[in-house]
Amino acid sequence: MALVVICGQPCSGKSMAALCLAEALKEVESKAAVRIIDEGSLHLERNQSYANMPSEKNLRGVLRSEVDRSVSKDSIIIVDSLNSIKGYRYELWCLARATGIRYCVLYCDTDIESCRTWNEERREKQDHAYNDEIFEDLIRRFERPDRRNRWDTPLFELWPSRDGIGKLSPAISDCLTYLTKKVDSRTQDVKILQPTIATQNSRFSDVNSRYELERATQEVLSVVMEAQARGVGGPVSGVSLGPGSPTISLSRPVGLPELRRHRQTFIKLTCQSSLSGPPPPSDAESAKRMFFDYLNREIA
């Protein structure tokens, strides 16, 4: 039914806003499953995830993959994270458009001093506080949502440090109305995103195609992980499935979450086509070679 992106500075009240919205939705919307996706639900520690750019990129990829798996026309997904990069919010908007559901951004506009104070209070309680260096870096790089951007619209703004947060907060009430309002031909203030040809999965030539694609790519992931385990964290060269198959040389360790993200993206790209595009590979060996070539371009 909908994808809600919670956006704001670190320690700005996003998690409380997500909980209040989820509770309000469950009281009003009984047919849809309501789920919050955040770092904690995926067992990701914040300071480790934001320690450097590769870790942060991996965090966003894991969150995006989980959103991609979860969005549907029978659920309301709330993404409770910084979502501070406008390009990343655009990617989430594209996921909502591909599914054909409603989308909105709930922005916690909290002054930076209040964010610092709340972070310090968390530290005193030993409750998932940010390290000072990471906190200041995230504050500095935050990209404020702009309702002129289609991926930031509609935009509902909360002011937690000034007004507090509750189920009856005006922004949460407005967001709730937008997400649950019945839509008919006369409705003008609710927009349901419409998929385009580019975001639609192609029809498979036979049922076996998707099965072979998923099985083959999973086998490639297993081979790459085993090769890295034997290399004990160092560079890995010449990873292959056997004689005559392509090889991959890894100059850095690649974790399973990143590999899974590449696998999911590869499957989606392979299954997408224009109206005259070719079908996905129907045999495992062709799928493995294609996936090896894809990984070589993305991570080697």
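Per an unreviewed UniProt entry, the chain goes by Protein KTI12 homolog and derives from Kalanchoe fedtschenkoi. Entered under Subunit (unreviewed entry) in the UniProt record, the comment concerning the chain runs "Interacts with the elongator complex. Binds to calmodulin in a calcium-dependent manner." Of the comments in the UniProt record for the chain, the one headed Sequence similarities (unreviewed entry) reads "Belongs to the KTI12 family."

(A) Representation of the sheet that holds strand 4 (residues 102-108). Spatial ordering of the open sheet is given by 2-3-1-4-5, a layout of five strands whose pairing is parallel. Taken across any chain shown, the strands that pair with only one partner, and hence form the sheet edges, are strand 2 (33-38) and strand 5 (155-158). Adjacent strand axes in the sheet meet at a mean angle of 20 degrees, parallel and antiparallel pairs treated alike. By the bridge criterion, seven bridges tie strand 1 (residues 2-8) to strand 4 in an arrangement that is parallel. Note on strand 4: the bridge partner recorded for A2 is R102. Each of strand 1, strand 2, strand 3 (75-80), strand 4 and strand 5 touches helix 1 (residues 14-28); the most contacted strand, strand 3, lies at about 170 degrees to it.

(B) Region of interest: empty space enclosed by the protein. Taken as a whole and assessed by the stated rule, the structure comprises two cavities of 30 Å³ or more. Volume-wise, the largest cavity comes out at about 90 Å³. K14, S15, R46, D80 and Y130 are, among the 13 residues lining the largest cavity, the residues nearest its centre. Looking at the lining of the largest cavity residue by residue, the classes come out as four nonpolar, four polar and five charged. Every residue along the wall of the second largest cavity is listed here: Y50, E56, R60, L63, S81, L82, N83, S84, I85 and Y88.

(C) Structural detail: the nonpolar core. Core analysis: the largest hydrophobic core is formed by 33 residues, its most contacted members being L3, Y50, V67, L92, Y103 and Y130. Going through the elements one at a time, strand 1, helix 3 (53-70), strand 3, helix 4 (86-99), strand 4 and helix 6 (132-141) are the ones with two or more residues in this core. Per-element accounting of this core gives the leading share, six residues, to helix 4. Residues in contact with L92, not counting those within four places in the same chain, are L3, V5, V67, N83 and Y103. By size, the runner-up hydrophobic cluster in this structure holds 26 residues, among which are L25, I78, L176 and L179.

(D) How the structure looks around the side chain of N119. Following the sequence through the fold, N119 ends up in helix 5 (residues 112-124). Aside from chain neighbours lying at most four places away, what touches N119 is C11, A129, Y130, D132 and F135.

(E) A look at the packing of aromatic side chains. Scanning the entire structure with this criterion turns up eight aromatic pairs. On the basis of an interplanar angle of 55 degrees and a centroid distance of 6.3 Å, the ring pair of Y50 and Y130 is categorised as tilted. With Y50 in the loop between helix 2 (46-49) and helix 3 and Y130 in the loop between helix 5 and helix 6, the pair connects residues that are 80 residues apart, well separated along the chain. Their ring planes at 15 degrees and their centres at 6.1 Å tell us that Y107 and F142 sit as a pair that is stacked. Taken together, the positions of Y107 in strand 4 and F142 in the loop between helix 6 and strand 5 put the pair 35 residues apart, joining distant regions of the chain. Taking relative accessible area as the criterion, F142 reaches 13% and is therefore assigned buried. In this structure an aromatic cluster arises from ring pairing among Y90, W93 and W151. One cation-aromatic arrangement involves R162 over W159; the distance from NZ or CZ to the ring centre is 4.8 Å.

Quick notes on the rules
Residues numbered from 1 in each chain as written. Predicted model: local features only at pLDDT ≥ 70, side-chain atom pairs only at ≥ 80, totals over all residues. Heavy atoms only, no water. UniProt positions renumbered as here; feature names shortened; annotations may be inferred. Pairing = 2+ DSSP bridges. Helix = DSSP H or I, 4+ residues; strand = E, 2+ residues; numbered from the N terminus. Axes fitted to C-alpha atoms, helices over the stretch in contact; angles between N-to-C directions. Contact = heavy atoms within 4.5 Å. 1 Å grid on protein atoms, 1.4 Å probe; cavity = no way out; pocket = protein on both sides within 12 Å on 5 of 7 lines; lining within 4 Å. Points joined across faces, edges and corners; volume = space filled by probe spheres on them. Nonpolar A, V, L, I, M, F, W, Y, C, P; charged D, E, K, R; others polar. Core = buried A, V, L, I, M, F, W, Y, C linked by side-chain atoms within 4.5 Å. Buried < 20%, exposed > 50% of the residue type's maximum accessible area, 1.4 Å probe, protein only. Phe/Tyr/Trp six-rings, centres within 6.5 Å; stacked < 30°, edge-to-face > 60°. Lys NZ or Arg CZ within 6 Å of the ring centre and 35° of its normal.

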